[in-house]
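Close look at the chain arrangement
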Amino acid sequence: MATSSKAKKKTVRLASGRKRARQDVKLNAANTALRSKFRTVVKNVQKAVVAGDKAKATELFAVAQSVIDSVADKGIFHKNKAARHKSRLSAKVKALSAATASA
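Just so we're clear, the structure is a prediction, and the values are computed from it rather than from any experiment. (Residues numbered from 1 in each chain as written. Predicted model: local features only at pLDDT ≥ 70, side-chain atom pairs only at ≥ 80, totals over all residues. Heavy atoms only, no water.)

**A look at the overall build of the chain**
For clarity, the cut-off: Put simply, DSSP H or I for four residues or longer makes a helix, DSSP E for two residues or longer makes a strand, and each gets a number counted from the N terminus. Each radius of gyration reported is based on C-alpha atoms, and the globular scaling rule is 2.2 Å times the count of residues to the power 0.38. Relative accessibility under 20% of the residue-type maximum defines a buried residue, over 50% an exposed one, and the middle range a partly exposed one, all with a 1.4 Å probe and only protein chains included. Contacts are assigned to residue pairs with any non-hydrogen atoms lying within 4.5 Å of each other. In this tally Asp and Glu are treated as negative and Lys and Arg as positive; neither His nor the chain ends contributes. Throughout, a charge is located at the NZ atom of Lys, the CZ atom of Arg, the CG atom of Asp or the CD atom of Glu.
Summing up its helical and strand segments, the chain has 3 helices and 0 strands in all. Reading the helices (α) and strands (β) of the chain from amino to carboxyl end gives α-α-α. For 103 residues, the compact-globule estimate of 2.2 N^0.38 gives 13 Å, and the C-alpha radius of gyration of the chain, at 20 Å, exceeds that figure by more than 25%. Judged by the C-alpha coordinates and their principal axes, the chain covers about 65 × 30 × 20 Å. Counting the 103 residues in the chain, one finds 20% classified as buried. Partitioning the intrachain contacts of the chain with sequence separation of at least 6 by distance along the chain shows that 62% fall at a separation of at least 24. Treating the 25 positive side-chain charges of the chain as one cloud and the 5 negative ones as another, the clouds have centres 13 Å apart.

See the structure below:
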């Protein structure tokens, strides 16, 4: 773009549009917080798996499952994406359990 990097904000004229804009700010903040929570719980499980802490990984995975399902239910992520993340985390935790059991 030849213009400045910041796009100009258009002011909405209709009352319904102004209300929608106010709601969008709140929804965006809520969605951002949930997306951040999702990433945090996934990282926590992965860190526990890398550390080799089976008990902590299993406990954190249970928490992560509920957060992932919650995010999918609210439509922030598609349910298939949520299922994929849960599946991959579950596989890592089970692999850790198998590695601990055989060692």
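That covers the picture; the talk isn't over yet.
**Focus: the confidence of the model for the chain**
Filter applied, for reference: Note: pLDDT gives the predictor's confidence per residue, expressed from 0 to 100.
With 91% of its residues at a pLDDT of 70 or more, the chain shows a mean pLDDT of 90. Least confident of the elements in the chain is helix α3 (residues 79–102), whose mean pLDDT is 90; most confident is helix α2 (residues 54–73), at 96.

**A look at the pattern of salt bridges**
Defined as follows: Salt bridge, as used here, is a side-chain nitrogen of Lys or Arg placed within 4 Å of a carboxyl oxygen of Asp or Glu.
Under the counting rule described, the total for this entry stands at 2 salt bridges. Between Arg 20 and Asp 24 there is a salt bridge whose closest N-O contact spans 3.3 Å. Pair noted here: Arg 20 and Asp 24 are both in helix α1 (residues 15–51), with a separation of 4 residues, about one helical turn. The shortest N-O distance in the salt bridge between Asp 69 and Lys 86 comes to 2.7 Å. Residue Asp 69 is found in helix α2, and its partner Lys 86 is found in helix α3; the two are separated by 17 residues along the sequence. Given the relative accessible area of 30%, Asp 69 is considered partly exposed.

**Some thoughts on the nonpolar core**
The condition is simple: We call a set of buried residues a nonpolar core when its members are Ala, Val, Leu, Ile, Met, Phe, Trp, Tyr or Cys and they connect through side-chain atoms within 4.5 Å of each other.
Formed by 19 residues in total, the largest nonpolar core has its most connected members in Val 45 and Ile 68. Going through the elements one at a time, α1, α2 and α3 are the ones with two or more residues in this core. Ranked by residues supplied to this core, first place goes to α2 with 7 residues. Excluding residues that lie within four positions of it along the chain, Val 45 makes contacts with Ala 57, Leu 60, Phe 61, Ala 64, Leu 89 and Val 93.

**Here we look at the packing of α1 against α2**
Describing two packed helices takes the angle between their axes plus the distance from one axis to the other. Basically, it comes down to this: Axis definition: a line fit to C-alpha positions, over the contact stretch in the case of helices; interaxial angles, taken between N-to-C directions, run 0 to 180 degrees. An angle below 35 degrees is treated as roughly parallel, one above 145 as roughly antiparallel, one from 65 to 115 as roughly perpendicular, and anything else as oblique. Two helices crossing with the near one rotated counterclockwise from the far one by less than a right angle form a left-handed crossing, whereas a clockwise rotation gives a right-handed crossing. The classification used treats Ala, Val, Leu, Ile, Met, Phe, Trp, Tyr, Cys and Pro as nonpolar, Asp, Glu, Lys and Arg as charged, and all other residues, Gly among them, as polar.
At a minimum axis separation of 9 Å, α1 and α2 run at an interaxial angle of 160°. Taken together, the axes of α1 and α2 are roughly antiparallel relative to one another. Note on packing geometry: the crossing formed by α1 with α2 is left-handed. Residues Leu 34, Lys 37, Phe 38, Val 41, Val 42, Asn 44, Val 45, Ala 48 and Val 49 of α1 pack against Lys 56, Ala 57, Leu 60, Phe 61, Ala 64, Val 67, Ile 68 and Val 71 of α2. A breakdown of the residues in the contact of α1 with α2 according to their chemical character gives 14 nonpolar, 1 polar and 2 charged.

**Some thoughts on α1**
Selection criterion: For a helix, the expected span equals 1.5 Å multiplied by the number of residues minus one.
Taking 1.5 Å per residue, 37 residues should reach 54 Å; α1 reaches 54 Å between its end C-alpha atoms and fits that length. Inspection of α1 places Gly 17, Phe 38, Val 41, Val 42, Val 45, Ala 48 and Val 49 among the buried residues, and these make up the whole buried set. Of the residues one or two after α1, Gly 52 is the one with positive phi, at around 85°.

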